[in-house]
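Observations on the three-dimensional arrangement
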Amino acid sequence: MRPKRVLVKLSGEALAGASGNGLDGATLTALAADISAAAREGVEIGIVVGGGNFFRGVQGLNKGLDRTSADSIGMLGTVMNALALEHAIETAGAPARAMSAVPMPSLCESYARKRALDHLSNGKVVILGGGTGNPYFTTDTGAALRAAELDCSHLLKATQVDGVYTADPKKDPDAVRFDRLTHVEAITRDLKVMDTAAFALARDAGLTIVVFSIAEPGMLAAVLRGEGRATYVTP
Ligand SMILES: Nc1ncnc2c1ncn2[C@@H]1O[C@H](COP(=O)(O)OP(=O)(O)OP(=O)(O)O)[C@@H](O)[C@H]1O
Ligand SMILES: O=c1ccn([C@@H]2O[C@H](COP(=O)(O)O)[C@@H](O)[C@H]2O)c(=O)[nH]1
């Protein structure tokens, strides 16, 4: 695979390193170095970053928050991650621009498709915070949406596991890994590595999803070369 433009869904939880919470400096630096190296190979890279290291909306429900407020807090977490990544990627040597789906102009640029496309074609890594900008969604769905509207050929899910399994491999030691499957199989088997809305949107947009572990250094560049351990979800 030598794509022109890709959308990476980067796990928020991965930014926390071993602590599992917030931002870990060494982890952020290592991820930024990988992203910057991949960008230097000439691929246009958009990133939708998750927020699992700060807050997921469902956690707020246990604290008595209503869903909309809880999701708003979750979206703010993803913008914090986008700002941290923007700085770390620029420090690693690639130009980067954070944009937020929730306008907060004193902190970063608001998301607009044509501006994002301009930044990408000018060689900037574009980091998209705020998911879709709406409650009741996830950053997986946001990633599928942005991949479709930014004309990306691939949605690369950079996460904590090395592919899609028959069940969550963190919980089920008997889970079996797929090298390849279709969007319809992922939906009908209810595989929770991404939510159903994200799989459905990716299927409708004809996007190939590549699921791989971002914990392994150099994996993003390897996946872009069509190498490395990953599961391919294809139409
Ligand atoms: N069938 C499955 N195959 C692979 N992983 C699965 C499966 N079912 C559940 N998972 C879990 O899904 C996780 C990825 O989902 P999720 O998007 O919630 O986390 P993330 O990538 O860390 O993003 P964030 O932290 O930003 O929310 C994996 O780490 C894995 O534990
Ligand atoms: O479009 C969106 C995207 C995200 N949220 C909220 O943010 C958190 C964190 O995102 P993850 O995808 O779980 O990493 C999510 O749980 C939602 O609460 C949102 O409301 N809308």
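What counts and what doesn't
Residues numbered from 1 in each chain as written. Chains lettered and ligands numbered in written order. Predicted model: local features only at pLDDT ≥ 70, side-chain atom pairs only at ≥ 80, totals over all residues. UniProt positions renumbered as here; feature names shortened; annotations may be inferred. Helix = DSSP H or I, 4+ residues; strand = E, 2+ residues; numbered from the N terminus. Expected span 1.5 Å × (residues − 1). Core = buried A, V, L, I, M, F, W, Y, C linked by C-beta atoms within 7 Å. Buried ≥ 20, exposed ≤ 12 C-beta atoms within 10 Å, placed from the backbone. Contact = placed C-beta atoms within 7 Å. Near = placed C-beta within 6 Å. Nonpolar A, V, L, I, M, F, W, Y, C, P; charged D, E, K, R; others polar.

The name an unreviewed UniProt entry assigns to the chain is Uridylate kinase, from the organism Bosea rubneri. Recorded in UniProt for the chain, the comment headed Pathway (unreviewed entry) runs: "Pyrimidine metabolism; CTP biosynthesis via de novo pathway; UDP from UMP (UMPK route): step 1/1."

1. Notes on helix H3 (residues 67-91)
For H3, which comprises 25 residues, the first-to-last C-alpha distance of 37 Å matches the rise-based estimate of 36 Å (1.5 Å per residue) to within 8%. One or two steps after H3, the chain reaches glycine 93, where phi turns positive at roughly 110 degrees.

2. Section: the nonpolar core
In this structure, Ile47, Ile127 and Leu155 are the most contacted members of the largest nonpolar core, which totals 69 residues. Per-element accounting of this core gives the leading share, 8 residues, to H3. The contact partners of isoleucine 127, leaving out residues within four places of it in the chain, are Ile47, Val49, Ala82, Leu85, Glu86, Ala96 and Ala98.

3. Description of the UniProt feature "binding site: ATP" (unreviewed entry) in the chain
In this numbering, the UniProt entry assigns the feature "binding site: ATP" (unreviewed entry) to Lys9, Leu10, Ser11, Gly12, Gly52, Arg56, Thr159, Gln160, Tyr165 and Asp168. Judged by maximum C-alpha separation, these annotated positions cover 160 residues in sequence and are scattered in space, the widest gap reaching 22.9 Å. When you line up the elements, lysine 9 lands in strand S1 (residues 5-10). Given 29 C-beta atoms within a 10 Å radius, lysine 9 is considered buried. Each residue touching lysine 9, except ones within four places of it in the same chain, is listed here: Val48, Thr139, Asp140, Ala143, Leu155, Leu156, Lys157 and Ala158. In this fold, glycine 52 is placed in the loop between strand S2 (44-49) and helix H2 (57-62).

4. A short note on the site of ligand 2
Around ligand 2 sit 21 residues, and of these Gly50, Gly57, Asp71, Gly74 and Gly131 come closest. Secondary structure elements with two or more residues in the shell around ligand 2: H3 and helix H5 (139-149). The leading source of residues in the shell around ligand 2 is H3, at 6 residues. Residue composition of the shell around ligand 2, grouped by class: 4 nonpolar, 14 polar and 3 charged.

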